[in-house]
Each structure stands twice: as structure tokens, then as C-alpha cells.
Amino acid sequence: DSGVTQTPKHLITATGQRVTLRCSPRSGDLSVYWYQQSLDQGLQFLIQYYNGEERAKGNILERFSAQQFPDLHSELNLSSLELGDSALYFCASSVTGTGRETQYFGPGTRLLVL
Amino acid sequence: GENVEQHPSTLSVQEGDSAVIKCTYSDSASNYFPWYKQELGKRPQLIIDIRSNVGEKKDQRIAVTLNKTAKHFSLHITETQPEDSAVYFCAASNNAGNMLTFGGGTRLMVKP
């Protein structure tokens, strides 16, 4: 157990819908990262937050957004869902979010868009 | 941006043999290289990492080597066991940001 928690574990929804994925970092970690894992794209970085502020952005679609709250948990919002958004979404956390720092992954949320 | 390539995509070995997985990276500013093991449907778990100020690091049966000049790094697993069967991912990041760029993964199968 990494100490990073994610809810829900599974999510099934329809195209066009909107969902929210939630992540709580390890105790003491200030930085949260979101990654998407799909069969054809592998593990891809989406976005990073540090202490409530966006720090880095990767290949995140405009339909997707995220935020980190004062209690440091983070939410990833996916809207206007498409079939291709079906994937495993992982959250990871680290202490300060600076370079060369170990990231610990949560158990993931498996999203299936029908 | 950074690009990480990983080879081979699949690797099958007999129990007790060694396994080697290789990765190359493109950004010379990258200075942190973790390796993650992922079992089916589970989260990636860090197994070893190396920072650019060292060339090799060992942890029991696992070792990682780094060649900064050639921009490649490798994972070595000795005395493989069936429980080593999983998908292994290499990754790279740099001081400008801690985002990880992952390789495509290697499915390792250890046959008893």
C-alpha cells in the first residue's frame, strides 16, 4: 500500500457524460500528479499540482480539468466523455514535486465509457 | 519534450536466468530515472531508481545502470523468479519538473 488513495475504483458511464475522480495523497506529500494509462498510449502524464497550484501540464485534453484543494486532495474532472477516454487513471504523490523525487502511485480508477 | 524508448516489449526467460531491459532517453537534462513494476490491473510500484550523479545502483537481485553520455539506462534482474513476472516501465524526469515520461513497457514472463 503506497498511502495514496483513489476513488472510485471502477466507473462505467456513457459517452457525453461527465465524471470526477478523486485522489488523496500520502500524508505529508504536497504534490499530486495525474496519469492516464491506455492500451495504445501507455502511461501518460496529464497534470501536476503542488500545494493547490498547478505546476505542470502534459497531454491533458481541454475536456479534462483538475484541481487540488486546501486539504491537498485532488480531483480530475473528465467531461464530454468519448469512447477513447476509457483507461486507467492513476494519481501519484510526492513530497515537494521538485525534480528527482520519488512518486508513489495510487491504485487507480478504471474508467469505461460505453 | 522528453522521449523514452524501451526494449524489448516482451521478454521471456527461464526461472533462475537473468533479464535485462533497456531504455534510451532524448533530453540531456533528464537526471532521474525510476523503474516501476506493474502487475495486471494494479498500480505501478517503484522497484529502484537512479539519479544522474551515479552510474550504477543495486538492491538485492535488481540493479540499474546509467550511461549519461549515451543517454541510456538499463534494468538488470538476476536469478529471476515466477513472481517477477509483470510489466516493467522505465521513466525519466528532470529538475525543471518532476513529471515522469514513461517508456512503452516490457512484459516479463518468467517460466518455472
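Basis of the calculations
Residues numbered from 1 in each chain as written. Chains lettered and ligands numbered in written order. Predicted model: local features only at pLDDT ≥ 70, side-chain atom pairs only at ≥ 80, totals over all residues. Heavy atoms only, no water. Contact = heavy atoms within 4.5 Å. Buried area = accessible area lost by both parts, 1.4 Å probe. Salt bridge = Lys/Arg side-chain N within 4 Å of Asp/Glu carboxyl O. Polar contact = N/O pair within 3.5 Å; in protein donor to acceptor, adjacent residues only side chain to side chain. Helix = DSSP H or I, 4+ residues; strand = E, 2+ residues; numbered from the N terminus. Nonpolar A, V, L, I, M, F, W, Y, C, P; charged D, E, K, R; others polar. pLDDT = per-residue confidence, 0-100. Buried < 20%, exposed > 50% of the residue type's maximum accessible area, 1.4 Å probe, protein only. Pairing = 2+ DSSP bridges. Disulfide = S-S within 2.5 Å.

Thoughts on the interface of chain B and chain A
On the chain A side, the residues contacting the 21 residues of chain B number 22 residues. Of the roughly 1,800 Å² buried between chain B and chain A, counting both surfaces, carbon and sulfur atoms make up 54%. Summed over the shared surface of chain B and chain A, the result is 0 salt bridges. Linking chain B with chain A are 5 residue pairs in polar contact (both at pLDDT 80 or more), by the criterion used here. Contributions of two or more residues to the side of chain B that touches chain A are made by β4 (30-38), β5 (45-51), β9 (86-94) and β10 (97-102) of chain B. Class assignment of the residues belonging to the side of chain B that touches chain A gives a composition of 8 nonpolar, 9 polar and 4 charged.

Description of the confidence of the model for chain B
Mean pLDDT for chain B: 94, with 97% of residues reaching 70 or above. Within chain B, strand β3 (residues 19-25) of chain B carries the highest mean pLDDT (98), whereas β10 of chain B carries the lowest (85).

Side note on the pairing of strand β5 (residues 42-50) of chain A
Residue and element names in this part refer to chain A. The element β5 is extensively covered by neighbouring structure, given that 7 of its 9 residues are classed as buried. One ladder, built from 8 bridges, connects strand β4 (residues 31-38) with β5; its direction is antiparallel. Bridged to S31 within β5 is Y50. Where β4 hands over to β5, the hairpin turn is made up of 3 residues, counted between the paired strands. Taken together, the 4 bridges between β5 and strand β6 (residues 53-57) define a ladder with antiparallel strand orientation. For Q48, the partnering residue across the bridge sits in β6 and is A56. The hairpin turn running from β5 into β6, its antiparallel successor, is 2 residues long, and N51 in that turn takes a positive phi close to 50 degrees.

Things to note about the state of the cysteines
Tallied over the entire structure, the rule returns 2 disulfides over all chains. Sulfur-sulfur distance for the disulfide between C23 of chain A and C91 of chain A comes to 1.8 Å. One disulfide, between C23 of chain A and C91 of chain A, carries an S-S torsion of -45 degrees and so falls in the left-handed class. Linking C23 of chain A in strand β3 (residues 19-24) with C91 of chain A in strand β9 (residues 87-94), this pair joins segments that are 68 residues apart in sequence. One exposure class covers both C23 of chain A and C91 of chain A, and it is buried. Here C23 of chain B connects covalently by a disulfide to C90 of chain B, the sulfurs 1.9 Å from one another. A torsion of -100 degrees about the S-S bond marks the disulfide between C23 of chain B and C90 of chain B as left-handed. A residue pair is termed long-range when its members are at least 10 positions apart, and C23 of chain B in strand β3 and C90 of chain B in strand β9 qualify at 67 residues.

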